[in-house]
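Below, each chain spelled out in residue letters.
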Amino acid sequence: MECLMPQWMRVTDAFAAAPGTPLTIKGWVRTNRESKADGGLCFVAVSDGTCFDPIQAVVRSTVPNFEHIQKLTTGCSVEIDGVLVASQGKGQSVEILVDPAQSGALRIIGEVEHPDTYPVSNKRHTFEYLREVAHLRVRTNTFGAVARMRHCMSMAVHEYFDKKGFFYVHTPIITASDCEGAGQMFRVSTLDSVNRKLTADGKHVDFGEDFFGKEAHLTVSGQLNVETYCCALSNVYTFGPTFRAENSNTARHLAEFWMIEPEMAFCDLKRDSEIAEEFIKHCIDAALTKRGDDMKFFDERIENGIVARLKHVLETPFRRLPYTDAIDILQKAIAGGKKFEYPVKWGTDLQSEHERYLTEEHFKQPVILMHYPKGIKAFYMRLDDNCAPGRETVSAMDVLVPKIGEIIGGSQREERLDKLDMRLDEMKLNKADYWWYRDLRKYGTVPHAGFGLGFERLMLFITGMANIRDVIPFPRAPKQAEF
RNA sequence: UCCCUGAUAGCUCAAUGGUAGAGCGACCGGCUGUUAACCGGUAGGUUCCAGGUUCGAGUCCUGGUCGGGGAGCCA
């Protein structure tokens, strides 16, 4: 089938065209300046979002609507016919000459009604303010760059797994199984929340009357579902929206975010961590090679040195060490005078400050911690063999990166039914709720492993942006669902 | 959810309890192959909301709402 040919040129392609090429572009005015030179000129910088830089149109005063063009302000939409020429000015290599003598024209498509109150005028704005105009913020340099990078990273995810022979599985958004066990969930219901029908004892809501005939929620993880496909297709992954109703208000949490969860059959923790590292490096490589224009901007205006830092991560093998060794390092640091707010003790989870010390001060690079105490990890993680008494660990791993902290959490799964049941009992979970998950261990069980990666945290890591609400188009967080 | 902090022009911020200002943006003019332009001028305000103290509140007090920083929970 033939692809439809575009009727005009994208700005990104215009920059790559040969001088002398006649072309038409369409986009939105970024800036408009005028000059009396050459009998009167307007310099109209136009962006269509296809690349970082806007392209400059140089409009001669001989165009019939020149007076109108002089009044163009930031945000107006235009259609421009012109000829690509080498620029006479500094600051750009090529520009579009709009000269009626060469069939040049600039047609105004949509004006900005009130330029004095246009929310994203041509000046610096704070990210906090721009969040309030999320429908327009993507027209700014920063959010345009973030949007293109988000696409680039999405594609990199699929490229990586496709190339490795993984199958993309669409795990459900709505789940009626109450066994995902990762934080507060959003209820999905068609029941009348005011006049609820109660069960016979009059104490509980009768979910038998509800749409699914039982309690249902938005998913907090696709992992348990994707494990079932893993145990048939070998290598699989999900990449979809995930929902957490936690009332957490930080620069690293969202109520709705996107998560990537690969799952591999016949795979142990070591290989799991190798895939995690290779995957992150693939994403970094894609960002650097495919979005050099946007990375240059992030490097100059968002986080100085981020390109060098990402290159360093790309070239350096991740540091791997057992949780127990990390505790030793932290305790030695304390002995050497380092002050932490929270105590460091074997058996407790590492706090943000501890993770930051390891990645930012001690190792100064990404670190993969492995083999955590079983008491602080989920029921499905595989019990390590040959543990010292009182020091039982599970085959878990966390990938920690500077500034962000945990970017990946994964584990080898418990494939032995007796051990899994033991863990369910220990954590006082109802085995009946996990009947289909337990079936996987009854019918041709295999060692398998996987991990979860928060897509927006990857975006923070790649772009250097500080707040997770600025790397997703329309953030959902407590008290925030305006757009 | 806890601790800290903030809300004043379209935006970013000033303003001893006593006449509400500046920069940027917008508009008008000048200059300029311009490009964070530059120079001059103009317009633009229910000081977040509801109470209270006071002769008088942007400012002080109480309660909300929302934002930011840190923490917890986590991805």
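Structure: see above.
Please read these numbers as outputs of a predicted model, since none were measured by experiment.

Caption draft 1: Here's a closer look at the sheet that holds strand S13 (residues 367-373). Read across the open sheet, the eight strands follow the order S7-S10-S11-S16-S15-S14-S13-S12; overall the sheet is mixed. Because the sheet does not close on itself, it has two edges, and the strands there are strand S7 (167-168) and strand S12 (319-322). Helix-sheet contacts for helix H10 (residues 323-335) involve S12 and S13, and the interaxial angle to S12 is about 95°. Against the sheet, helix H14 (residues 455-463) engages strand S10 (235-243), strand S11 (256-265), strand S14 (393-401), strand S15 (405-412) and strand S16 (448-454), with an angle of about 60° to S16.

Caption draft 2: Broad picture of the environment of Thr238. Within the secondary structure, Thr238 is located in strand S10. C-alpha of Thr238 to C-alpha of Thr126: the two residues are 112 residues apart in sequence and 35 Å apart in space. Not counting residues within four places of it along the chain, the set of residues in contact with Thr238 comprises Tyr168, Val169, Thr171, Gly222, Val226, Met259, Ile260 and Glu261.

Caption draft 3: Highlighting the side chain of Ser273. Relative to the helices and strands, Ser273 resides in helix H7 (residues 269-290). At 2.9 Å, the side chain of Ser273 forms a polar contact with the backbone oxygen of Lys270. Setting aside its immediate chain neighbours within four residues, Ser273 contacts Arg320, Ile368, Met370 and Met397.

Caption draft 4: Representation of the pattern of salt bridges within the structure. A complete count under the given rule lists 36 salt bridges for this structure. Across the salt bridge formed by Asp99 and Arg60, the nearest N and O atoms sit 3.3 Å from each other. Pair noted here: Asp99 is in the loop between strand S5 (94-98) and strand S6 (105-110) and Arg60 is in strand S3 (residues 55-60), with a separation of 39 residues, a long-range link. Judged by its relative accessible area of 23%, Arg60 falls in the partly exposed class. Its salt-bridge partner being Asp398, residue Lys377 comes within 3.3 Å of it at the nearest N-O pair. You can see Lys377 sitting in the loop between S13 and S14 and its partner Asp398 sitting in strand S14, a full 21 residues away along the chain. Pair check on accessibility: Lys377 and Asp398 agree, each one buried.

Conventions used here
- Residues numbered from 1 in each chain as written.
- Chains lettered and ligands numbered in written order.
- Predicted model: local features only at pLDDT ≥ 70, side-chain atom pairs only at ≥ 80, totals over all residues.
- Heavy atoms only, no water.
- Pairing = 2+ DSSP bridges.
- Helix = DSSP H or I, 4+ residues; strand = E, 2+ residues; numbered from the N terminus.
- Contact = heavy atoms within 4.5 Å.
- Axes fitted to C-alpha atoms, helices over the stretch in contact; angles between N-to-C directions.
- Polar contact = N/O pair within 3.5 Å; in protein donor to acceptor, adjacent residues only side chain to side chain.
- Salt bridge = Lys/Arg side-chain N within 4 Å of Asp/Glu carboxyl O.
- Buried < 20%, exposed > 50% of the residue type's maximum accessible area, 1.4 Å probe, protein only.

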